[in-house]
Amino acid sequence: MTDHSHNHSTPRNTEADAEVDAGDDTGLRDRWHGTLLAARAGADGPDPLPYAENLLARWAEPQRRYHTTAHLRAVLDHVDTLAGHADDVRAVRLAAWFHDAVYQPDRSENEERSAALAERALTEAGVPDPVVAEVARLVRLTVTHAPAEGDRNGEVLCDADLAVLAGGPQEYGLYAARVREEYGFVPDDAFREGRAAVLRQLLGLPRLFRTPHGAAEWEERARHNLATELELLTSSAPG
């Protein structure tokens, strides 16, 4: 687990930093290689690299503004921070790679299609069936971000995915702007209405973060950010 030398740490600003090194995916390839070999647990399998290339190409598709390789890198970093809480961090890391591997902003079945991709690709890549099943379950869980009590793998993945909500004002503003860009085909009124519904749904959750670290370090700031964005959205509505 990452050691934080101060309380209420802001999640690392890997998404903004990644703009500097967006052309260098070597580190991500290395992380994929290590994760896949660990998940195989000594079993033989095909070369990991083509799978990394396929996934990185998906994460770099032109329709993406927020759900990019920068987001993937950030989620993997947050999983590292929370790793001590997971029952099987290998499965959580693989789920992070696949959780938005299929992403079309105008489609509602992205998570299901991403989970199906994980099932096909990881089985072919030599990952044992129980781990494949857990990865697919975790990917599907990102529809609701509501893991069951005691689902430690689910808690880690969902907290890592939502950690962006706890960024500082500049990071959160950049996140919100990129989400709007991904939905550039949606008129302003409709976007405000839809986005406000998402924000209210998140604010209505008993807890945004389920891990001890997430609850202590990210919950308060994330709720402040969400409430601020909701206020700005509703106050800017016509009439």
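About the criteria used
- Residues numbered from 1 in each chain as written.
- Predicted model: local features only at pLDDT ≥ 70, side-chain atom pairs only at ≥ 80, totals over all residues.
- Heavy atoms only, no water.
- Axes fitted to C-alpha atoms, helices over the stretch in contact; angles between N-to-C directions.
- Helix = DSSP H or I, 4+ residues; strand = E, 2+ residues; numbered from the N terminus.
- Parallel < 35°, antiparallel > 145°, perpendicular 65-115°, else oblique.
- Left-handed = near helix turned anticlockwise from the far one by under 90°.
- Contact = heavy atoms within 4.5 Å.
- Nonpolar A, V, L, I, M, F, W, Y, C, P; charged D, E, K, R; others polar.
- Core = buried A, V, L, I, M, F, W, Y, C linked by side-chain atoms within 4.5 Å.
- Buried < 20%, exposed > 50% of the residue type's maximum accessible area, 1.4 Å probe, protein only.
- Salt bridge = Lys/Arg side-chain N within 4 Å of Asp/Glu carboxyl O.

At a minimum axis separation of 10 Å, helix 7 (residues 129-141) and helix 8 (residues 152-162) run at an interaxial angle of 50°. Classified by the interaxial angle, the pair formed by helix 7 and helix 8 is oblique. Of the two possible hands of crossing, helix 7 and helix 8 adopt the one that is right-handed. Facing helix 7, whose interface residues are Glu134, Arg137, Leu138, Val139 and Leu141, helix 8 presents Asn153, Gly154, Leu157 and Cys158. Looking at side-chain class alone, the contact of helix 7 with helix 8 contains five nonpolar, two polar and two charged residues.

Moving on, we come to the nonpolar core. Proteins that are soluble and globular tend to have nonpolar side chains buried together. Counting 65 residues, the largest nonpolar core has Trp32, Trp97, Phe98, Leu122, Val135 and Leu165 as the members making the most contacts within it. Among the elements that make up this core, the one with the highest residue count is helix 5 (residues 89-98) (eight residues).

Another aspect to go through is the pattern of salt bridges. Opposite charge on two side chains allows them to pair when their charged atoms are near. Under the counting rule described, the total for this entry stands at 19 salt bridges. Linking Arg152 and Asp87 is a salt bridge whose minimum nitrogen-to-oxygen distance equals 3.7 Å. Separated by 65 residues along the polypeptide, Arg152 in helix 8 and Asp87 in the loop between helix 4 (69-82) and helix 5 bring together distant segments of the chain. Given the relative accessible area of 58%, Asp87 is considered exposed. One network of salt bridges, with partners in common, ties together Arg31, Asp77, Asp80 and Arg93.

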